[in-house]
Amino acid sequence: MNSRYDVAILGCGEAGIFAGYELMRRCPGLKVVAIDQGADIYSRSCPIVAGKVKECIHCKICDTMCGFGGAGAFSDGKYNFTTEFGGWLTDFMPKEEVMDLISYVDSINMEHGATDKVYSTSTPEAQALEKKALEFDLHLLQARCKHLGTENNLKILQSIYETARQGVEFRFRTAVTRIEAIGEKGYRLTTEKGDTVECTYFIAAPGRSGAEWFANQCKGLGIELINNQVDIGVRVEVPAKVFEHITDVVYESKLVYRTKGYGDQVRTFCMNPYGHVVAENVEGINTVNGHSYSDPALQSENTNFALLVSNRFTSPFNEPYRYGKHIASLSNMLAGGVLVQRFGDLVAGIRTNEHRMSKSFVRPTLTAAVPGDLSLALPKRQLDDIIEMIYQLDKLAPGTANYDTLLYGAEVKFYSSRLALSGELETAMDNFFAIGDGAGVTRGLAQAGASGVKVAQVIAARLR
Ligand SMILES: Cc1cc2nc3c(=O)[nH]c(=O)nc-3n(C[C@H](O)[C@H](O)[C@H](O)COP(=O)(O)OP(=O)(O)OC[C@H]3O[C@@H](n4cnc5c(N)ncnc54)[C@H](O)[C@@H]3O)c2cc1C
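A quick note: this is a predicted structure, and the numbers were derived from the prediction, not measured.

Attention now goes to the environment of S120. The residue S120 is located in the loop between α2 (95–111) and α3 (124–135) in this model. Using a relative accessible area of 25% as the deciding quantity, one classes S120 as partly exposed. Those residues in contact with S120, other than ones at most four positions away along the chain, are A126, R144 and V249.

What follows is the structure in structure tokens.
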């Protein structure tokens, strides 16, 4: 079947959703299709979460990462109002414009039920925390933040979906396998079902799950790509009380430290007070992540966060994606999935086994993780950096370096290859836009949504 649209959107994650939503608002009657390899927001179900299996069975399409809501659908929706992290949209447009777009996305979320509670950075407590962290050479990146909560985030997405489907045609469980330029007529997408979709304007929002495939398509189309970074580390889990004096004040603290051993930058990332550690499937490899509910009844007694070491490579190596996958696959090979170790065992050079784990005061929230030895999976450099950072954090949050602190590995944050884009997020090919995490321009919900609104506004202006 061949069909023609004014606009085709590839990917229904945060970026694609907000592109479609804004087009529907600004250009009623425009023929817009949004295609995703995953399911709609009601039908996404990970077999582990559904209790059908204990370990990741590497579904061809991961329901945790793919479908309406994309990678963020089961996140706890920490929404950061900042250009300091979460993306690089300021490389393409002024900071004020990015902040306006972020606020605009928030206003749409609020129309669909998002909270108005914001964690502020200007409170005396937040300022005092920043100062205290500096005493230990820990640099606190502050941002106003909203916590939507895992359960509310899902409801908001359902509500947005119900509105969006009135003006946008959605095609789910439909992977796009090929992107072609067809001259004056625009672009043709071929799906795995053999159908083709032609469009005048094409918005690619493939997220991290589609990044590798998208990079290959772009190479085929002659579009330039740059990529030289991958972040590797672990997910740390401690009793929530250890970080309470921080998370009560700023909710998500991003603490950055330069290690004395190697001069590497290590940072905390994605902090989840009273949260749960979860496994994540990135193209067949199990990595770790975390989330937290806002409903106290659903919360755990632990806080988890990632500790990541940034790795930038120089010539001749230019495959950070492969490097990151290799390291994650080593811990998968040892544990058959996610590996967990007590900090004290790691420092003592012994494996955490079932028996030692059973004695731990900290109870793992990811029960499927297998006790093991992270030092057999992570390179010495990254491991030394992580251990040094944990001792440093212990000064600000005593208890972080306790024997029973749990480390899950490996957590890997891939950076999508970055496309050369204009200030309107358009590739070198006319009317072909690339947005969100998969285009390498964002790293979080706020800026991903903002990038979607931006291209919708550009297209609406061209149609006027
Ligand atoms: C567990 C978890 C928790 C997170 N928590 C937060 C948080 O609290 N705050 C925050 O700011 N960020 C968070 N993030 C990151 C955030 O989810 C992403 O930054 C955001 O989802 C990026 O949006 P996107 O639209 O660019 O990509 P995605 O959300 O990844 O969506 C891309 C979509 O494209 C589809 N796709 C890809 N290739 C194809 C293809 N060939 N054919 C058809 N469809 C395709 C995929 O199925 C997917 O649905 C979290 C991520 C995870 C995994």
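Let's shift gears to the site of the ligand. Around the ligand, the surrounding shell holds 37 residues, and the nearest of these are D36, A71, K78, D437 and L445. A distance of 3.0 Å separates a nitrogen atom of the ligand from a polar backbone atom of Q37. In the model, an oxygen atom of the ligand is placed 2.7 Å from a nitrogen or oxygen of the D437 side chain. Relative to its unbound accessible surface of 1,000 Å², the ligand loses 95% to contact with the protein. Mapped by element, the contributors of at least two residues to the shell around the ligand are α1 (14–26) and α11 (445–463). Along the lines of polarity and charge, the residues of the shell around the ligand split into 14 nonpolar, 15 polar and 8 charged.

Within the element layout of this structure, T442 appears in the loop between β21 (432–434) and α11. Classification of T442 by relative accessible area gives buried; the value is 1%. In this structure the side chain of T442 is engaged in a polar contact, spanning 3.5 Å, whose partner is the backbone oxygen of G436. Among the polar contacts made by the side chain of T442, one reaches the side chain of D437 at a distance of 2.6 Å. In contact with T442, other than residues within four places in its own chain, are G86, G87, W88, L89, G436, D437, Q447, A448 and S451.

Moving on, we get to the pattern of salt bridges. Under the defined criterion, the tally for this structure stands at 27 salt bridges. Between E135 and K132 there is a salt bridge, with its nearest N and O atoms 3.3 Å apart. Taken together, the positions of E135 and K132, both in helix α3 and 3 residues apart, correspond to about one turn of that helix. A salt bridge links E426 to R462; its shortest N-O distance comes to 2.8 Å. With a gap of 36 residues between them, E426 in the loop between β20 (418–419) and β21 and R462 in helix α11 connect regions that are remote in the sequence. Relative accessible area serves as the criterion here: at 32%, R462 is assigned to the partly exposed category. Residues joined by salt bridges that share partners form a network here, namely R4, R178, E180, R188 and E198.

This part is about the side chain of D76. Inspection of the secondary structure assignment puts D76 in the loop between β2 (32–35) and β3 (78–81). Exposure remark for D76: the relative accessible area of 1% places this residue in the buried category. Aside from chain neighbours lying at most four places away, what touches D76 is H147, L148, G149, T150, Y251, N272, H291 and S292.

The next thing to look at is the packing of aromatic side chains. Inspection of every chain in the model, using the stated rule, returns 17 aromatic pairs. Geometrically, the ring pair formed by F202 and F432 is tilted, given 4.9 Å between the ring centres and 55° between the ring planes. Placement of the pair is F202 in strand β9 (residues 196–204) and F432 in strand β21, with a sequence separation of 230 residues. Accessibility assignment for this pair places F202 and F432 in one class, buried. Seen from their ring centres, F313 and Y323 are 5.0 Å apart, and the 65° between their planes marks the pair as edge-to-face. Placement of the pair is F313 in the loop between β16 (302–312) and α7 (320–335) and Y323 in helix α7, with a sequence separation of 10 residues. Each member of the aromatic cluster is reached from another via a ring pair, and the members are Y42, F68, Y161, F170 and F172. The lysine or arginine in question, R144, covers the ring of F81, its NZ or CZ lying 4.6 Å from the ring centre.

Mapped onto this structure's residue numbering, the UniProt feature "domain: FAD-dependent protein C-terminal" (unreviewed entry) falls at residues 253–412. The span residues 253–412 is 28% helix and 32% strand, and its two end C-alpha atoms sit 19 Å from each other.

Right, let's get into unusual backbone geometry. Excluding glycine, residues mostly have negative phi values, and the peptide bonds linking residues are mostly trans. P316 follows S315 through a cis peptide bond whose omega is 15°. One can find P316 in the loop between β16 and α7. A410 follows G409 through a cis peptide bond whose omega is -10°. Of note, A410 is situated in strand β19 (residues 406–414). Unlike most non-glycine residues, D137 shows phi in positive territory, near 65°. Despite not being glycine, N431 shows a phi value in the positive range, around 60°.

Conventions used here
Residues numbered from 1 in each chain as written. Predicted model: local features only at pLDDT ≥ 70, side-chain atom pairs only at ≥ 80, totals over all residues. Heavy atoms only, no water. Helix = DSSP H or I, 4+ residues; strand = E, 2+ residues; numbered from the N terminus. Buried < 20%, exposed > 50% of the residue type's maximum accessible area, 1.4 Å probe, protein only. Contact = heavy atoms within 4.5 Å. Near = heavy atom within 4 Å. Polar contact = N/O pair within 3.5 Å; in protein donor to acceptor, adjacent residues only side chain to side chain. Areas by Shrake-Rupley, 256 points an atom, 1.4 Å probe, with all protein chains shown as cover. Nonpolar A, V, L, I, M, F, W, Y, C, P; charged D, E, K, R; others polar. Salt bridge = Lys/Arg side-chain N within 4 Å of Asp/Glu carboxyl O. Phe/Tyr/Trp six-rings, centres within 6.5 Å; stacked < 30°, edge-to-face > 60°. Lys NZ or Arg CZ within 6 Å of the ring centre and 35° of its normal. UniProt positions renumbered as here; feature names shortened; annotations may be inferred.

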